[in-house]
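Okay, here's what each chain looks like letter by letter:
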Amino acid sequence: MTDTSSGSSNPGPLGSGAGSGRRQFLRGGVATAASLFALGPLEALGARTAGAAPMSKRASSPDYGPLYPVKDDTTGLELLRLPKGFEYISYGWTGDPMSDDMPTPSAHDGMAAFRRPDGKVAIVRNHERGAYDGAFVDRAYNPTAGGGTTNLVFDPDKGKFLESYASLSGTIRNCAGGPTPWGTWLTCEETTEIAPNGTRHGYVFEVPYGGKGDPRPLTGMGRYSHEAVALDPGTGIVYLTEDATPSGLYRYLPVKRGELVAGGELQMLVVETADGSSYTTYADDTGTEYSTSWVTIDNPDYAPGEIRPALQGQAKGAAVFRRLEGAWWGNDRVYIVSTSGGPSGQGQVFEYDPASESMRVLFASPDRAVLNNPDNICVSPRGGIVLCEDGSEGEYLHGLTTDGEIFPFALNQVVIPAGGVPGKKVAPGNYSGSEWCGSTFEPKNGNWLFANAQSPGITFAITGPFLNGSL
């Protein structure tokens, strides 16, 4: 295997730095979308962070405008607040019967969307279920474990979901993951539990967008509290985050590109510091760019009583983070979220550039009113970024403007009335504090944004004049 582990020789910071309206919108020009594809939304983040205004003083996007209650095209309920001109469909509520006659599992989480050859959109959706109440598919990793994935099919021209079915189970706490260029979803277990029947959890599994998942764990990617995955389509290298403290940013060097189950080498990121110490995320270093390198994890599939990968890497000088969660490949870079990072503990966004072997601290939330514990992240086909909040107050989907301003794009206001919703099995209650997760754009033109409210478990498909703003 070619040695790809060498980093920069210059340590330390590099510097600072489905109505007719929907159909009409979908006929918009693809050339315009292509012309807007740029790194602009991210380059100015460092300069903007220090003077970020409280949310109350910039409560809307300067291009999309303020948020208003919008009725769900499916139920008629005002479940979300969105800018004017945007609309949405809800689908796949917890308990809804799927096309295979199974009830939709609960705890919706990470997702990715894929464009099929027939123009339809295939989506793979995680279910972060932690109960050992039995697998919901036959070919299961652990027949007692109740987590897993479901697959959905969406028609972007008609604005309609067509089908859904169970695709993987026997796993636990499937939190996030990431798409591959060959049309699969890498679903991650956010745990290192040992099941009552002795099965070890804490792995990554592969699920095709058009079929059933492989119940074999990708043990070479390590056993730890996996969160998200970002795959470099040019090299086939897989970047992985870990939702723990301390945690590491990892990369997996596969023996054979596109055949992850064949094995590979797991490494952990080193952020070079001036004094040679292991980097941590407690400093307020927004805008700083660091040289990076990698160290090999000798025992990635660690057993109980052995040293977990993050501590193995830290002993070799690797960087440690606070709750690395979201990760996404876009603009030839990896974007990474530290949910509890930064000087206020409210979150950080990093940009790792494999070409220059460097990492920049793009954004650190100065206050929960600006950004409250971001989790999942995605990049639109135009280069804009979406952050899913998983905080303790009103839960927003945030976007970034073309000059680096962070702004609220959608607000969860899911409230199920006392009488319930006809045809739905979700219990009445106020779910507006539920986290956003699974944000992902329809990959060709980015005309649809899909996202989940984890509780009560609802998938949303949002469309509108995205081209009028930075997303």
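For clarity, every value in this text was computed on a predicted model and none was experimentally measured. (Residues numbered from 1 in each chain as written. Predicted model: local features only at pLDDT ≥ 70, side-chain atom pairs only at ≥ 80, totals over all residues. Heavy atoms only, no water.)

A. Representation of the overall build of the protein chain in the model. The number of helices and strands found in the protein chain is five helices and 29 strands. Here the protein chain displays about 16600 Å² of accessible surface, and carbon together with sulfur accounts for 50% of that area. (Helix = DSSP H or I, 4+ residues; strand = E, 2+ residues; numbered from the N terminus. Areas by Shrake-Rupley, 256 points an atom, 1.4 Å probe, with all protein chains shown as cover.)

B. Quick look at the pattern of salt bridges. Going through the model one piece at a time under the given rule, you end up with 15 salt bridges. With its nearest N and O atoms 2.6 Å apart, the salt bridge here joins E442 to R115. One end of the pair, E442, is in the loop between β27 (436-441) and β28 (448-453); the other, R115, is in strand β5 (residues 108-115), with 327 residues separating them in the sequence. Of the charged contacts, one joins R333 and D353 as a salt bridge, the two residues approaching to 3.7 Å between their closest N and O atoms. Linking R333 in strand β18 (residues 333-338) with D353 in strand β19 (residues 348-353), this pair joins segments that are 20 residues apart in sequence. (Salt bridge = Lys/Arg side-chain N within 4 Å of Asp/Glu carboxyl O.)

C. Expanded view of the sheet that holds strand β9 (residues 174-179). Pairing is antiparallel across the open sheet formed by three strands, whose spatial order is β9-β10-β11. Only two strands of the sheet have a single partner each, and these edge strands are β9 and β11 (204-208). Each adjacent strand pair in this sheet contributes to an overall mean axis angle of 30°, direction not counted. Pairing geometry for β9 and strand β10 (residues 184-189), over four bridges, is antiparallel. Among the inter-strand pairings, P179 is bridged to a residue of β10, identified as W185. (Pairing = 2+ DSSP bridges. Axes fitted to C-alpha atoms, helices over the stretch in contact; angles between N-to-C directions.)

D. Geometry of the pairing of β10. Burial of β10 is extensive: six of the six residues sit out of reach of the surface. Remark: four residues form the turn of the hairpin made by β9 and β10, two consecutive strands paired antiparallel; G183 in that turn has positive phi of roughly 85°. Two strands pair when backbone bridges link them, and β10 and β11 are joined in this way by five bridges, in the antiparallel orientation. Counterpart to T184 in the pairing with β11 is P208. (Buried < 20%, exposed > 50% of the residue type's maximum accessible area, 1.4 Å probe, protein only.)

E. Here's a closer look at the packing of aromatic side chains. For the structure on display, the rule yields 22 aromatic pairs. When the centroid spacing of 5.1 Å and the interplanar angle of 90° are considered together, the rings of F86 and F409 count as edge-to-face. Of this pair, F86 sits in the loop between β3 (80-83) and β4 (87-91) while F409 sits in strand β24 (residues 406-412); the two residues are 323 residues apart in sequence, bridging distant segments of the chain. Classification of F86 as buried rests on a relative accessible area of 5%. According to the relative accessible area criterion, F409 is buried, its value standing at 1%. Three or more aromatic residues link up through ring pairs in this structure, and these residues are Y64, F86, F407, F409, F441 and F466. Over the ring of Y68 we find K84, and its NZ or CZ is 5.0 Å from the ring centre. The side chain of R223 reaches across the aromatic face of Y302, ending 5.1 Å from its centre. (Phe/Tyr/Trp six-rings, centres within 6.5 Å; stacked < 30°, edge-to-face > 60°. Lys NZ or Arg CZ within 6 Å of the ring centre and 35° of its normal.)

F. Layout of the side chain of E325. Residue position: E325 is located in strand β17 (residues 324-330). Not counting the four nearest positions on each side in its chain, E325 is found in contact with E227, A228, T241, D243, V337, T339 and D375. (Contact = heavy atoms within 4.5 Å.)

G. Spotlight on the sheet that holds strand β22 (residues 385-389). Spatially, β2-β3-β24-β23-β22-β21 is the arrangement adopted by the six strands of the open sheet, whose pairing is antiparallel. Among the strands making up the open sheet, the edge pair consists of β2 (67-70) and β21 (374-379). Neighbour-to-neighbour, the strand axes of the sheet open up by a mean angle of 30°, direction not taken into account. Of the pairings in the sheet, the one linking β2 to β3 comprises four bridges and is antiparallel in character. Looking at β3, one finds that L67 is bridged to P83.

H. Main features of unusual backbone geometry. In this structure, the amide linkage connecting T245 to the following residue, P246, adopts the cis form with an omega of 0°. Here P246 shows up in the loop between β13 (238-242) and β14 (250-254). Phi is positive for E357, which is not a glycine, with a value near 50°. With respect to the helices and strands, E357 occurs in the loop between β19 and β20 (358-364).

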